[in-house]
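Architecture at a glance
In case you want the letters, here they are:
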Amino acid sequence: MSETSTTGDPRHPTSDPSTFFALTEGETTTTATRRTGAEGVDAGVGLTALLVAAARAIETHRHDSLARDVYAEHFVRAAPACTDWPVSIQQVPDGDDNPLWGRFARYFGLRTRVLDEFLHRSVGTGVRQVVLLGAGLDTRAFRLDLPADCVVFEIDREGVLAFKQQVLTDLSAAPKTKRVPVPVDLRADWVTALTSVGFDPAAPSVWLAEGLLFYLPGPAETYLIDTVDRLTTGGSALAFEAKLEKDLLAYRDSPIYTATREQIGIDLLDLFDRGPRPDSAGHLAAKGWSTSMHTPFDFTRLLGRGPLPEPNDALEGNRWVFAHKPGPDVSSG
């Protein structure tokens, strides 16, 4: 087994996470709150969780659905900020020609499908701990047929998880496996919060960072990746989404970003961190992980539906990274 050597307790990183999530120079607290959506799902990054929920609802109702999430539309309808958003493509006047609710929503449906399959493959090898970083309105613990002895840890801010729990409680929804919400901001000591509710760094785990890293400053992304490495043993896996554009503003007038701003008032480029991005896939490879990187379009071609490249494409730099930490085949005991 090839693992990075560390000193001290791997459950407690040596650096203060707040150091890496500090405000950029000149950024006010008000601006930071807008960017992070610190209060819940009604602003900032929190509002993007509702965007993804609306996309999953639309995907669910398609005849050629890539992924189904029957809870998604209930999140949309429960939030005052988006009660007039569509939850099926039939509610969109221009249908699939709409850059936001057509192409972009289908992208989120494709991403959901691909990460669902990654998670299923991981638990198929015997992994029984799932960690969702920035879980948002993820309902994998409710909608996927995971092993009964699997535990899904959902890390996100208290306001986001509370909103999700209220909606699910109102629906009398029950998870199909053990679910452990971990209400903590990723800028705080989430490692202690995670390990204190039963996560075991000595057992293999699978981690998803879906639509998370490009909101973080580069050093914060590296810190997060290093922390996952410290908290995992051989046989573990990680999937995350990255953006490779050197200048995000070059795509400001792209159809996707323009439609998102104009139709629902979310300026993604105002939320994304525009500093240099680290090579997290290469960073993991240097630590002994095996990694593969793909464009979303690779899976569109594989599955026969989803977005394909187009001019001035806001998805051009998106990459999905899949990483595995070498170790024994846990399925053989």
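Up top is the structure these notes are about.
The following paragraphs examine the structure supplied in this document. (Residues numbered from 1 in each chain as written. Predicted model: local features only at pLDDT ≥ 70, side-chain atom pairs only at ≥ 80, totals over all residues. Heavy atoms only, no water.)

1. Some words on the nonpolar core
Ranked by internal contacts, the top residues of the largest apolar core, which has 74 residues, are Leu-50, Leu-51, Phe-75, Trp-85, Trp-101 and Phe-104. In terms of residues, this core owes the most to one element, helix H5 (residues 99-124), which gives twelve residues. In this view, Leu-50 contacts Val-41, Phe-75, Val-76, Ala-79, Cys-82, Trp-85, Leu-137 and Phe-163; residues no more than four positions away in its chain are not counted. (Core = buried A, V, L, I, M, F, W, Y, C linked by side-chain atoms within 4.5 Å. Buried < 20%, exposed > 50% of the residue type's maximum accessible area, 1.4 Å probe, protein only. Helix = DSSP H or I, 4+ residues; strand = E, 2+ residues; numbered from the N terminus. Contact = heavy atoms within 4.5 Å.)

2. A look at the packing of aromatic side chains
Under the criterion given, the structure shown has 17 aromatic pairs. Note on Phe-104 and Phe-108: the rings are 4.6 Å apart at their centroids and 40 degrees apart in plane angle, and the pair reads as tilted. Pair noted here: Phe-104 and Phe-108 are both in helix H5, with a separation of four residues, about one helical turn. For Phe-104, a relative accessible area of 6% corresponds to the buried category. (Phe/Tyr/Trp six-rings, centres within 6.5 Å; stacked < 30°, edge-to-face > 60°.)

3. Re the packing of H5 against helix H13 (residues 296-303)
In a pair of packed helices, the angle between the axes and the distance between the axes together describe the arrangement. Contact geometry of H5 with H13 gives a least axis separation of 10 Å together with a crossing angle of 80 degrees. Between H5 and H13, the crossing angle belongs to the class labelled roughly perpendicular. Within the contact between the two elements, H5 uses Arg-103, Tyr-107, Leu-110, Arg-113 and Val-114 and H13 uses Pro-296, Phe-297, Phe-299, Thr-300 and Leu-303. Each residue belonging to the contact of H5 with H13 can be placed in one class, and the counts come to seven nonpolar, one polar and two charged. (Axes fitted to C-alpha atoms, helices over the stretch in contact; angles between N-to-C directions. Parallel < 35°, antiparallel > 145°, perpendicular 65-115°, else oblique. Nonpolar A, V, L, I, M, F, W, Y, C, P; charged D, E, K, R; others polar.)

4. Comments concerning the pairing of strand S7 (residues 318-324)
Taken across its seven residues, S7 has six buried, putting it largely inside the fold. Bridge count between strand S5 (residues 237-243) and S7: seven bridges; the pairing is antiparallel. Residue Glu-241 lies in a different strand from S7, and its bridge partner there is Trp-320. Alignment of strand S6 (residues 290-294) against S7, held across five bridges, turns out to be antiparallel. Each residue of the ladder has a partner; that of Ser-290, found in S7, is His-324. (Pairing = 2+ DSSP bridges.)

5. Comments concerning the sheet that holds strand S1 (residues 129-133)
Sheet architecture is open: seven strands sit in the order S3-S2-S1-S4-S5-S7-S6, paired in mixed fashion. Strand pairing shows two members of the sheet lacking a second neighbour, strand S3 (178-183) and S6, which therefore form its edges. Averaged over all pairs of adjacent strands, the angle between their axes in this sheet comes to 15 degrees, without regard to strand direction. Contacting S1, strand S4 (206-209) and S5, helix H9 (residues 218-230) crosses the sheet at an angle of about 170 degrees to S5.

6. With respect to the pattern of salt bridges
Counting across every chain of the model gives 26 salt bridges. Taking the shortest distance from any N to any O, the salt bridge between Glu-59 and Arg-106 comes out at 2.5 Å. Taken together, the residues span a long stretch of sequence, with Glu-59 in helix H3 (residues 44-60) and Arg-106 in helix H5 at a distance of 47 residues. Residue Glu-59 is classed as buried on the basis of its relative accessible area of 1%. Overall, the relative accessible area of 9% leaves Arg-106 in the buried class. Through salt bridges with shared partners, one network takes in Arg-56, Arg-111, Asp-116, Asp-138, Arg-140, Arg-143, Glu-210 and Glu-241. (Salt bridge = Lys/Arg side-chain N within 4 Å of Asp/Glu carboxyl O.)

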